[in-house]
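Given next are the chains, with one letter for each unit.
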Amino acid sequence: MKKKSFSMLLTALLTFSVVLSACSGGNNNNGTTAPAASSNEGTNTVVAEKEAEPAAPTEIKIMLPLNTSESPPDTIKNEIEKLTNTKLTYQFFPADTYEEKLNASFATGSLPQVTYLKNQTTFIQMKEAIKDGQFWEIGPYLEEFPNLNKMKPEILNNTKVEGMLYSLYIGRPLARQGMIYRKDWADKLGLSAPANTDELFEMAKAFTEQDPDGNGQKDTTGISDRNELTYGAFKTVSSWFGTPNAWAEKDGQLAPEFTFQQYIDTMDFFKKAREAGYMNQDFAATSKTDAVNMFTSGKAGLYIGGSMQDIDSLNKDLIKNFPDAVLDTHSMVAGPDGNFAQWMIPGYNNVVLFPKSAVKDEAELKKILAFFDQMMTPEISNLMYWGIEGTHYTVEDGKAKPAEDKELIEREVKGYKDSVIGEAETNGMYESYNILPGRIHAEQLLLENVKVGVADPTAALESATFTEQGVELQQIITDATYKYIYDQIDKAGFEKEVESWKSRGGSKIIEEFNASYKAQ
Amino acid sequence: MQEVAVQPSAAPQPQRKRGKNSSELKKRLWRNKWLYVMVTPGILYFIIFKYLPMYGLIISFQDYKPYQGISGSDWVGMEHFNRLFTEPDFLNILMNTLILFGLNIVIYFPIPIILALMLNELRGTFFKRFFQTLVYLPHFMSWVIVVSISFVMVTMDGGIINELLVFFGFEKVNFLLNPSWFRPMYIIQVIWREAGWGTIIYLASIAAIDPGLYEAARMDGAGRLKQIWHITLPSIRGVIITLFILKIGSVLDLGFEHVYLLLNSMNREVAEIIDTYVYTAGLRQGQFSYSTAIGFFKSIIGLIMVMSVNKLSKKMGEEGVY
């Protein structure tokens, strides 16, 4: 009896699974089978594109990262299609897992004709494939397109691979990092914007201990940070301390930032702030969303490291909770030696590539470039960046003023906003018309930042080891930095990790960058 | 991969053995034709999704370049396996994987059984159904949700658990970043999400036990505990062993998503497991060959484990899974 019931159970399970698999097989035949098969053969079958019929709209597939939670509706896309005679297919993938999607699509040969990368790190990873000739070199074609030709040569230079241009860039201000803080809290406690790193620490302390929200409870913190050294608070504060931007010369040789004393000083700053409770204690495990929530829910008073232009969205969410809250931006924080500094990006935050596996010939490439050429006109770039005039923004004093309904803009426009190539100076789109005093201040600070900006000297240098292993090795340093801040290792322990970085490939990176540096 | 693959072939096999000559075999095949038709989609599924992809394992012996394809990439022999075994972190990662697996077997595995026995003792169908639903609902939440809920509960900045600790006069505990809390957090979350779901099969097999056995036992004066010990448990022993073998098969498969969500710079030394390592090395850093080699290694261990446990269970007089 026991055996019988058991085998009946198995039979039932089996039938059930067969039925299930039959269902899923039937539904997904077109969808799943093809990629699954091709993923193991590495062929280019998936990219079977419909050739554009003559005179008909050019069909373009575009893959890009999405920084909101949902794909935008077609409102903007339809307008672009009308204006550019194209048929566009946008494939949005969440920015959080974009590297994964990018690598998987690349491995299966299914990258679309237009492939946006995610940031400079993904660009470094793609370099090997670029050198191997997997993407179209577009440098020679640029002069045929009057608008594309306007892109800034110095930034284009930063994106070249072995002296050749393969990509278009999405321009960003060189140095938009700084801090966004609760001006109402500071005013109440009689504090002014911190002039140096000591005052910054004092502000974090006061925000924690002196009950800035006046509710009689000690329920506030200074800094709200997240699990990210570069775009979190760490790198920005470290540049205030005078740490070089990734690499700098030391004893006549290029050396990585974490071999400089200032890097240690920055770690000490955060260690002190964490121990004293002047920042969120779990920042090494806090996501960007949680860090932002902490700030907009009035629990923290300092948000450091992101773009100061983010003040608009932070303000929007904060005043929902605290209508009287006032935010301001600040970035001129002097280091212990009294000097100002701010790290800079190489003028772009992302690039677009054109895979040869999807773009079959020169003619097709030129059609796609023609679309991007149109994107560089004020009409299209405004449409993609600001949305539809009258719905998403209005023009005042020759500048774009976003509509009141921020949710609508976020839903319908944000997805496209991050894909506009060039910058306002080159594509002629509107500058933003700001009303928020903190945002106006931020725009002034962006210009100030550039004056004291520190560039990454290796941006245009070559190192094969860095291309291959740089990201993997950086993890060792990132982990060690957090362990130091959390007091799990001391300075000697940190130096041991740096040695481990060196022995596992770091030394080679140093050598190669220096060789490339001298050859310049 | 392999451990599930044995199921569909299990059905036709005994019949082939019984067929004494080919004409009788044909007759048998014909008589059961609808069974074969029914099993075809399942077999196809395994061929397409489980066996064909094995072809891709080739790249673990190559210096695979996606744009050159399998036919165009260079052969490098065992280089990636050598790299894996000489990697300074490898031993640590393997240990982490095995420890989490051990926790799964020792702590998690018995819980659904106990839970099923307890649910079974509940009188009144309403309560039974109610509690059963209550305990298996968490299964339908994604790991992201489970981990986020835990994050909110245990965070140092106003998390309820830390607030309670302070209220009762204890120190705050940094659950999220303290390496020694990673494993307890992991196993508690597994239990919370999966235990109820795991009871379903046990409850189903308990329901199939002949009530006459219990009546007879009661007549002989057996109490509740005695009934459980002498009737219920022996009756579901087969199911327990089958599920145990299947569990062993996934020895190094601990739910990538869950661990990855809990992983951070501070607990990496205890939290990095083979799955997360494959993900970071392979998908995020594009080392396809290397990560395939690791995955391959993992599958082989799984296969060996299933085969040995299966053998063991047969030696002990149980059915095994094949």
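Residues numbered from 1 in each chain as written. Chains lettered and ligands numbered in written order. Predicted model: local features only at pLDDT ≥ 70, side-chain atom pairs only at ≥ 80, totals over all residues. Heavy atoms only, no water.

An unreviewed UniProt entry annotates chain B as Protein lplB originating from Paenibacillus crassostreae. The Sequence similarities (unreviewed entry) comment attached to chain B in UniProt states, word for word, "Belongs to the binding-protein-dependent transport system permease family." (UniProt positions renumbered as here; feature names shortened; annotations may be inferred.)

As named in an unreviewed UniProt entry, chain A is ABC transporter substrate-binding protein, taken from Paenibacillus crassostreae.

*Asks:* Sorry if this is basic, but what is going on with the domain arrangement of chain B here?
*Replies:* A common measure of how large an interface is: the accessible area buried when the components associate. All names here are of chain B. Taken domain by domain, chain B consists of domain 1 (27–68) and domain 2 (79–316). Computed from C-alpha atoms alone, the centre-to-centre distance between domain 1 and domain 2 is 29 Å. Each partner contributes residues to the interface: domain 1 has nine residues there, and domain 2 has seven residues. When domain 1 packs against domain 2, the two sides together hide about 650 Å² of surface, and 74% of this comes from carbon and sulfur. Contact with domain 2 buries surface across domain 1, with Leu57, Ile59 and Ser60 losing the most and accounting together for 59% of the total. Here domain 1 and domain 2 share zero salt bridges between them. Inspection of the region where domain 1 meets domain 2 yields four residue pairs in polar contact (both at pLDDT 80 or more). (Domains from an automatic or database assignment. Contact = heavy atoms within 4.5 Å. Buried area = accessible area lost by both parts, 1.4 Å probe. Salt bridge = Lys/Arg side-chain N within 4 Å of Asp/Glu carboxyl O. Polar contact = N/O pair within 3.5 Å; in protein donor to acceptor, adjacent residues only side chain to side chain.)

*Asks:* When you look at the packing of helix 15 (residues 237–249) of chain B against helix 19 (residues 288–315) of chain B in this model, what are you seeing that I'm missing?
*Replies:* Each packed pair of helices is defined by two parameters, the angle between the axes and the distance between the axes. Residues and elements named next belong to chain B. Packing of helix 15 against helix 19 leaves a shortest axis separation of 8 Å and a crossing angle of 160°. When the axis of helix 15 is compared with that of helix 19, the two are roughly antiparallel. In the crossing of helix 15 with helix 19, the sense of the turn from one axis to the other is right-handed. Where helix 15 abuts helix 19, its residues Ile241, Phe244, Ile245, Ile248 and Gly249 lie against Gly302, Met305, Val306, Val309, Asn310 and Ser313. Among the residues forming the contact of helix 15 with helix 19, the class breakdown is seven nonpolar, four polar and no charged. (Axes fitted to C-alpha atoms, helices over the stretch in contact; angles between N-to-C directions. Helix = DSSP H or I, 4+ residues; strand = E, 2+ residues; numbered from the N terminus. Parallel < 35°, antiparallel > 145°, perpendicular 65-115°, else oblique. Left-handed = near helix turned anticlockwise from the far one by under 90°. Nonpolar A, V, L, I, M, F, W, Y, C, P; charged D, E, K, R; others polar.)

*Asks:* Mind showing me how you'd approach the sheet that holds strand 2 (residues 86–94) of chain A here?
*Replies:* Strand pairing within a sheet occurs via backbone hydrogen bonds; the two strands may be parallel or antiparallel. Residues and elements named next belong to chain A. The strand order 2-1-3-12-4 describes an open sheet built from five strands, whose pairing is mixed. In this open sheet, the two edge strands, each paired with only one partner strand, are strand 2 and strand 4 (168–171). On average, each strand axis in the sheet is tilted by 20° relative to the strand beside it, whichever way the strands run. Note that strand 1 (residues 58–66) and strand 3 (residues 114–116) share two bridges and pair parallel. Looking at the pairing, Met63 lines up with Thr115 of strand 3. (Pairing = 2+ DSSP bridges.)

*Asks:* Teacher, can you tell me more about the sheet that holds strand 5 (residues 177–182) of chain A here?
*Replies:* All names here are of chain A. What the four strands build is an open sheet, ordered 6-9-5-10; its pairing is mixed. Every other strand in the sheet has two partners, leaving strand 6 (221–223) and strand 10 (327–330) as the edge strands with one partner each. Neighbour to neighbour, the strand axes of the sheet diverge by 20° on average, direction disregarded. Against the sheet, helix 9 (residues 233–240) engages strand 5 and strand 9 (300–307), with an angle of about 85° to strand 9. Strands in contact with helix 12 (residues 311–321) are strand 5, strand 9 and strand 10; relative to strand 10, the strand with the most contacts, it is inclined by about 155°.

*Asks:* Sorry if this is basic, but what is going on with the pattern of salt bridges here?
*Replies:* Pairing between side chains of opposite charge can happen when the charged atoms of each approach one another. Residues and elements named next belong to chain A. Tallied over the entire structure, the rule returns 32 salt bridges over all chains. Between Lys152 and Glu425 there is a salt bridge, with the nearest N and O atoms lying 3.1 Å from each other. Of the two residues, Lys152 is situated in the loop between helix 5 (120–131) and helix 6 (153–158) and Glu425 in helix 17 (residues 424–427); the sequence distance between them amounts to 273 residues. Looking at Lys152, the relative accessible area reads 21%, which means it is partly exposed. Taking the relative accessible area as the measure of exposure, Glu425 reaches 58% and is therefore exposed. (Buried < 20%, exposed > 50% of the residue type's maximum accessible area, 1.4 Å probe, protein only.)

*Asks:* Would you explain the packing of aromatic side chains in this entry?
*Replies:* Throughout the structure, instances matching the rule amount to 51 aromatic pairs over all chains. Consider the rings of Phe269 of chain A and Phe270 of chain A, whose centres lie 5.4 Å apart with planes at 80°: the pair is edge-to-face. A relative accessible area of 7% places Phe269 of chain A in the buried class. Relative accessible area serves as the criterion here: at 1%, Phe270 of chain A is assigned to the buried category. Their ring planes at 65° and their centres at 6.2 Å tell us that Tyr136 of chain B and Phe140 of chain B sit as a pair that is edge-to-face. Here Tyr136 of chain B falls in the partly exposed class, since its relative accessible area comes to 23%. On the accessibility criterion, Phe140 of chain B (54% relative accessible area) is exposed. A cation sits over an aromatic face here: Lys250 of chain A above Phe260 of chain A, 5.1 Å from the ring centre. Across from the ring centre of Phe201 of chain A, 4.6 Å away, lies the NZ or CZ of Lys272 of chain A, which sits over that ring. (Phe/Tyr/Trp six-rings, centres within 6.5 Å; stacked < 30°, edge-to-face > 60°. Lys NZ or Arg CZ within 6 Å of the ring centre and 35° of its normal.)

*Asks:* Any chance you could explain the side chain of Gln342 of chain A here in plain terms?
*Replies:* As for its position among the elements, Gln342 of chain A is in strand 11 (residues 342–343). Gln342 of chain A has contacts with Ala175, Gln177, Thr236, Ser239, Trp240, Ser331, Asn449, Val452, Gly453 and Val454 of chain A, leaving out every residue within four places of it along the chain.

*Asks:* Explain the interface of chain B and chain A to me, please; I cannot follow it from the model alone.
*Replies:* Taken together, the 51 residues of chain B in the interface contact 47 residues of chain A. Of the roughly 4,200 Å² buried at the junction of chain B and chain A (both faces included), carbon and sulfur atoms supply 60%. Connecting chain B to chain A are five salt bridges. The closest approach of N and O atoms between Lys483 of chain A and Glu269 of chain B, which form a salt bridge, is 3.3 Å. One can count ten residue pairs in polar contact (both at pLDDT 80 or more) joining chain B with chain A. If you list the elements that add at least two residues to the side of chain B that touches chain A, you get helix 4 (33–51), helix 5 (69–72), helix 12 (179–207), helix 14 (224–235), helix 15, helix 17 (268–271) and helix 18 (274–284) of chain B. The biggest single contributor to the side of chain B that touches chain A is helix 4 of chain B, with six residues.

*Asks:* Help me understand the UniProt feature "transmembrane region" (unreviewed entry) in chain B in this model?
*Replies:* Within the UniProt annotation, "transmembrane region" (unreviewed entry) is assigned to residues 34–52, 93–119, 140–170, 190–214, 235–256 and 288–309 of chain B. Here residues 140–170 of chain B runs as 65% helix and 0% strand, with 35 Å between its end C-alpha atoms.

*Asks:* Looking at this model, I keep getting lost on the nonpolar core. Mind explaining?
*Replies:* Generally speaking, a soluble globular protein has its nonpolar side chains buried in company with each other. Residues and elements named next belong to chain A. Core analysis: the largest hydrophobic core is formed by 83 residues, its most contacted members being Leu302, Ile304 and Phe494. Ranked by residue count, the leading element in this core is helix 19 (residues 464–485), at seven residues. Discounting residues that sit within four places of it in the chain, Phe494 has contacts with Phe258, Tyr263, Ile264, Met267, Ala480, Thr481, Tyr484 and Ile489. In this structure, Ile76, Leu102, Leu156 and Leu168 belong to the second largest nonpolar core, which totals 61 residues. (Core = buried A, V, L, I, M, F, W, Y, C linked by side-chain atoms within 4.5 Å.)

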